[in-house]
Amino acid sequence: MTPLLAHDPSESVPDFPMPRDPACPFAPPPETTRLHDERPVSKVRLWDGSTHWLVTRYDDQRALYGDARLSVDVTRRGFPYLSAGFKETAGKTPPSFLNMDDPEHARIRRMVTAPFTIKRMEALRPTVQRITDELIDAMLAGPNPVDLVGALALPLPSLVICELLGVPYEDHDFFQRHSKVGVSRESTAQESRAANLALYRYLERLLGLKPADPADDMLSDLAARTASGDPTRHEAAMLGVLLLGAGHETTANMISLGVLALLEHPEQLAVVRDTDDPKVLAGAVEELLRCLTVVHSGQRRLALEDLEVGGQHIRAGEGVIIPGATGNWSPDRFPDPGRLDVRRDARRHMAFGFGIHQCLGQPLARIELQVVYGTLFRRVPHLRGAATLEEIPFKDDGIVYGVHELPVRW
């Protein structure tokens, strides 16, 4: 049977990732939007010259996220690597459960699912509120203007994840620095390997200290479990690396980018600032997650069997890239997707992915975002940007999109 959307080899193959339009920094790259409209399943070329399938439409993406015929195992031949550094470190650094297929993925994930239930995360809300208020107190007592990334967006999720895991916050410069290197596609293989290994050794040493001085934290729980060999010490350390890095990197970028988006849309900011309805604030967070989709480099998969998506035949051994931002901007799912509307019902967005590999920490991220947006604009009602949009340095060099700095004044 001839595929409905068979790829024409004579068509030009664009490079991926694709540049954003500086005039529209919150939107997906224009080229991915064009492909979404014209060729929703098409070939793109990566940094090494290899070509892989780019799938841009919401329904196709959602179907692929749940398809067991696709693998996340980065050690498999033909995997669509983000960069040379990621390719060269695959198989040379301890594996993360993010890059495991079931049943191993399910076994490891079950060990840390319970602490991230909605009920347990809601119990953390007063802690998140306290930390947020303390950081805003310090910000208001300091210089004006200030960089919101350094004053609030980065320390808030870092402090929270440290408390949850049982990691000394005094070490935050160390793990933030190495986490940044580990997720940058500009890092060399040697730099990525060294950063990941440093984080692994740090968590492995910390786990070794927990049995003698246990506390009510996740690392103490993991350390106690290692006595039975499930997880192994190695697996527990890798879980710690993943949770520590993911627990602050994505949320920190989402906080700052969301604040910037609201500052650029004052009528939407007013809804967030003036509401006392938790449901309105929660809905605003979902819309910001949909609109911004900070994990912007595309989820990567490898086809283990032949399959069809969007009318296109994909063969076993071919790579698949799923850029969530284009799915979350699909007009057939979210009408007028380029309009930020915090009263929109955006709950079915896929900013956290979908299926068995969706983000484990999404309940915590939602609480942090609800607290910080709801508190910041209420306590600092005259907050405004201290730089033009053109002057703000956006992050295009890693897995997570955001801003390096966000100067604000009040």
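Residues numbered from 1 in each chain as written. Predicted model: local features only at pLDDT ≥ 70, side-chain atom pairs only at ≥ 80, totals over all residues. Heavy atoms only, no water.

**Some thoughts on the packing of aromatic side chains**
In this description, an aromatic ring pair is defined by two values, namely the gap between the centres and the angle between the planes.
Here is step 1: Here the structure, examined in full by the defined rule, presents 4 aromatic pairs.
Here is step 2: Ring centres 5.9 Å apart and planes at 85° place the aromatic pair Tyr-58 and Phe-334 in the edge-to-face group. With a gap of 276 residues between them, Tyr-58 in helix 2 (residues 58-65) and Phe-334 in the loop between helix 15 (324-328) and helix 16 (362-379) connect regions that are remote in the sequence.
Here is step 3: For Phe-334, a relative accessible area of 3% puts it in the buried group.
Here is step 4: The interplanar angle of 45° and the centroid separation of 5.2 Å between the aromatic rings of Phe-174 and Tyr-202 together place this pair among those described as tilted. Of this pair, Phe-174 sits in helix 9 (residues 172-183) while Tyr-202 sits in helix 10 (residues 189-209), placing them 28 residues apart in sequence.
Here is step 5: Sitting over the ring of Tyr-401, Arg-20 keeps its end group 3.6 Å from the ring centre.
Here is step 6: Directly above the aromatic system of Phe-334 lies the positively charged group of Arg-290, at a separation of 5.5 Å from the ring centroid. (Phe/Tyr/Trp six-rings, centres within 6.5 Å; stacked < 30°, edge-to-face > 60°. Helix = DSSP H or I, 4+ residues; strand = E, 2+ residues; numbered from the N terminus. Buried < 20%, exposed > 50% of the residue type's maximum accessible area, 1.4 Å probe, protein only. Lys NZ or Arg CZ within 6 Å of the ring centre and 35° of its normal.)

**Observations concerning the sheet that holds strand 9 (residues 384-385)**
Here is step 1: If you walk across this open sheet you meet the 3 strands as 4-12-9, and the pairing is antiparallel. One side of each edge strand has no neighbouring strand; the edge strands of this open sheet are strand 4 (146-147) and strand 9.
Here is step 2: Bridge analysis of strand 4 against strand 12 (residues 407-409) gives 2 bridges, and the strand direction is antiparallel. Note on strand 12: the bridge partner recorded for Asp-147 is Pro-407. (Pairing = 2+ DSSP bridges.)

**Some words on helix 6 (residues 125-141)**
Here is step 1: Taking 1.5 Å per residue, 17 residues should reach 24 Å; helix 6 reaches 24 Å between its end C-alpha atoms and fits that length.
Here is step 2: Thr-127, Val-128, Ile-131, Thr-132, Leu-135, Ile-136 and Met-139 are the residues of helix 6 that are buried. For helix 6, the arc enclosing every buried residue in end-on projection is 165°, short of the 170-degree limit, so these residues lie on one face. Turned more than 90 degrees away from the buried face of helix 6 sit Pro-126 and Ala-141, all of them exposed. (Expected span 1.5 Å × (residues − 1). Arc of directions from axis to C-beta.)

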